[in-house]
Amino acid sequence: MSERAAIRVVHTADLHIGMENYGRWDPASGLHQRLEDYLRSLDQAIDVAIARDADVFLIAGDIYKSKDPSPSHQREFARRVRTLTSAGLQVVLLVGNHDMPGRHKAANPLDIYGSLEVPGVTILRRPDLVTLETKHGHLQVGAMPHVTRGFLLARQETIPRSLEECERLLEQVIDETLHALAAEVDPAIPAMLTAHLSVDVATLGSERDLMLGKGLTLPLASLALPAWDYVAMGHIHKPQVLEAGPGLPPVVYPGSLDRIDFGEEKDEKGFWVVDLIRGDRPKMERVAIDVRPFRTVRVDLCDTEDCTAGLVEAVKRAVCEGAVVRLAYTLQAERAAAIDETAVREALADAFDVVWRPELIQGAARTRHPELAEALAGSPLSALEKYLTLRPELAGREEALLTRARALLAERDATAGSEAVAR
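Residues numbered from 1 in each chain as written. Predicted model: local features only at pLDDT ≥ 70, side-chain atom pairs only at ≥ 80, totals over all residues. Heavy atoms only, no water.

Chemist: Just to check I follow, could you spell out the sheet that holds strand β9 (residues 191–196) for this structure?
Modeler: One key point about sheets: their strands pair by backbone hydrogen bonds, in either a parallel or an antiparallel sense. With mixed pairing, 6 strands are arranged side by side in an open sheet as β7-β8-β9-β12-β14-β13. Every interior strand has two partners, whereas the edge strands, β7 (128–134) and β13 (240–242), have only one. The mean inter-strand angle of the sheet, taken between neighbouring strand axes irrespective of direction, is 25°. Of the strand pairs in this sheet, β7 and strand β8 (residues 137–144) are connected by 7 bridges, and their pairing is antiparallel. Bridge pairing in β8 links Glu133 to His138. (Pairing = 2+ DSSP bridges. Helix = DSSP H or I, 4+ residues; strand = E, 2+ residues; numbered from the N terminus. Axes fitted to C-alpha atoms, helices over the stretch in contact; angles between N-to-C directions.)

If you want it as structure tokens, here you go:
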């Protein structure tokens, strides 16, 4: 064991291996091109972890896109785990919502490492406090994997409760569990909590549409307890550091390791290298990685005489080489056939993939702003947020209107949930 006092942790999350919504299959490797992208991103983090002599490589949930990853996905991830353990790192895998099986207590795709008792790999699938023996000393790791309302709805005593009551009860149970874990911490050993949850003051990323009305949100105070030196989060795709106050640990989201969709177009991707010394403020370094760019080419062609030329010119002004490109253009419906898609695709020959998002309007009437059209393809709340940015006369009333909208959505979901429980 070397003389370094700190325990060094590489903190990643939300790999989403298997997200293959752009690109195509690579005949040379037999893998999807986006899988290759995600693996390259993971490899960059692994290379840094080994080069920096890290003790622990943590993935704070959502290793896979789904609970049923393909054999190829599992094989490629297992190869990376082997690289890490062969270099002497402890690999810690927290179970996220995408890794969870549909039935309570059913096996998840990470359990195979536990069943085979793979040395150097720790699977955290339930609330727990474990102590790891690393190259530079011991590290305590508290775990709070993703928890859903279904856990409570499956219990007989919660059936008469409304959805809102179940949510409050679940928040209370998680808060009590987190305090119980903190109470078990040995004050002489560095301690880190890892959780796959949403925090109430966090800024959401592209996952917001999946969470509206059905995602548990925990107060920051439940996580930022003084027993921990660092709180390593997963689940929210936008990187951020949340501070609860002096003497309390930072609550940190590294964000997704690669871009999931255009909601993350402008996000810088990376991970954290953290040095933990018991009782001291952790030394944190954000390491950026090189990931495939996403580019939106947005253009209004309604007043353009040559629509094809206008679109091609907009494409040429953008930097599209190697990028996933979204063409978002506005055009009268009767002129849509005038666009020569072959010419546009030739201008985008260097792009990785192209997504067409035309907004066709009738005649001269402009019934919808193109950015609003994008928002309407997502959630009602995201559409309202975009609409408010386009209406300057509503300045100063945005938060009141959004608060009312959230209340209406919560009321709708509570009613639907109560009916589902009653059935």
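Still more ground to cover, so stick around.
Chemist: What is the right way to read the nonpolar core from this model?
Modeler: Side chains that are nonpolar tend, in soluble globular proteins, to be buried together. If you look at the biggest cluster of nonpolar residues, it comprises 33 residues, and the most contacted ones within it are Leu15, Phe57, Ile63, Phe77, Leu93 and Phe271. Look past the residues within four positions of Phe77 in its chain and what remains in contact with it is Leu15, Ile17, Leu42, Ile59, Ile63, Tyr64, Leu93 and Tyr113. (Core = buried A, V, L, I, M, F, W, Y, C linked by side-chain atoms within 4.5 Å. Buried < 20%, exposed > 50% of the residue type's maximum accessible area, 1.4 Å probe, protein only. Contact = heavy atoms within 4.5 Å.)

Chemist: I keep staring at the pattern of salt bridges and nothing clicks. Help me out?
Modeler: Close approach of charged atoms allows side chains of opposite charge to pair. According to the stated counting rule, one finds 18 salt bridges in the structure shown. Notably, a salt bridge pairs Arg79 with Glu76, separated by 2.9 Å at the nearest N-O pair. Of this pair, Arg79 and Glu76 both sit in helix α2 (residues 71–86), 3 residues apart, which is roughly one turn of that helix. On the accessibility criterion, Arg79 (47% relative accessible area) is partly exposed. A salt bridge links Arg326 to Glu265; its shortest N-O distance comes to 3.7 Å. (Salt bridge = Lys/Arg side-chain N within 4 Å of Asp/Glu carboxyl O.)

Chemist: Which parts of the structure should I look at to understand the side chain of Gln332?
Modeler: Residue position: Gln332 is located in strand β18 (residues 324–332). Here Gln332 falls in the buried class, since its relative accessible area comes to 11%. Here the side chain of Gln332 touches Cys302 through a polar contact of 3.2 Å, landing on its backbone oxygen. (Polar contact = N/O pair within 3.5 Å; in protein donor to acceptor, adjacent residues only side chain to side chain.)

Chemist: Teacher, can you tell me more about the side chain of Arg80 here?
Modeler: Here Arg80 lies in helix α2. Only 2.9 Å separates the side chain of Arg80 from the side chain of Asp43, close enough to count as a polar contact. A polar contact is formed between the side chain of Arg80 and the side chain of Glu76, at a distance of 2.8 Å. Residues within four places of Arg80 in sequence aside, it is in contact with Leu39, Leu42, Asp43 and Ile46.

Chemist: Sorry, what's going on with the sheet that holds strand β17 (residues 294–300) here?
Modeler: One open sheet accounts for 3 strands, arranged β17-β18-β19; its pairing is parallel. Each edge of the sheet is formed by a strand with only one pairing partner; in this case those strands are β17 and β19 (353–361). Each neighbouring strand pair of the sheet contributes to a mean axis angle of 15°, computed without reference to strand direction. Pairing of β18 with β19, which is carried by 9 bridges, proceeds in the parallel orientation. Directly across from Tyr329, in β19, lies its bridge partner Pro358. Relative to the sheet, helix α8 (residues 307–317) contacts β17, β18 and β19, its axis offset from that of β17 by approximately 145°.

Chemist: Just checking my understanding: could you explain the packing of aromatic side chains for this structure?
Modeler: For the structure shown, the criterion picks out 5 aromatic pairs. Ring geometry for Tyr22 against Phe294: centres 5.4 Å apart, planes inclined by 85°, an arrangement best described as edge-to-face. Of the two residues, Tyr22 sits in the loop between β1 (7–12) and β2 (25–26) while Phe294 sits in strand β17, which places them 272 residues apart along the sequence. In terms of burial, Tyr22 and Phe294 fall into one category: buried. An aromatic cluster of at least three residues, connected via ring pairs, comprises Tyr22, Phe262 and Phe294. In this structure, Arg34 is placed above the aromatic ring of Tyr38, and the distance from its NZ or CZ to the ring centre is 4.8 Å. Just above the ring of Phe352 sits the side chain of Arg292; from NZ or CZ to the centre is 3.7 Å. (Phe/Tyr/Trp six-rings, centres within 6.5 Å; stacked < 30°, edge-to-face > 60°. Lys NZ or Arg CZ within 6 Å of the ring centre and 35° of its normal.)

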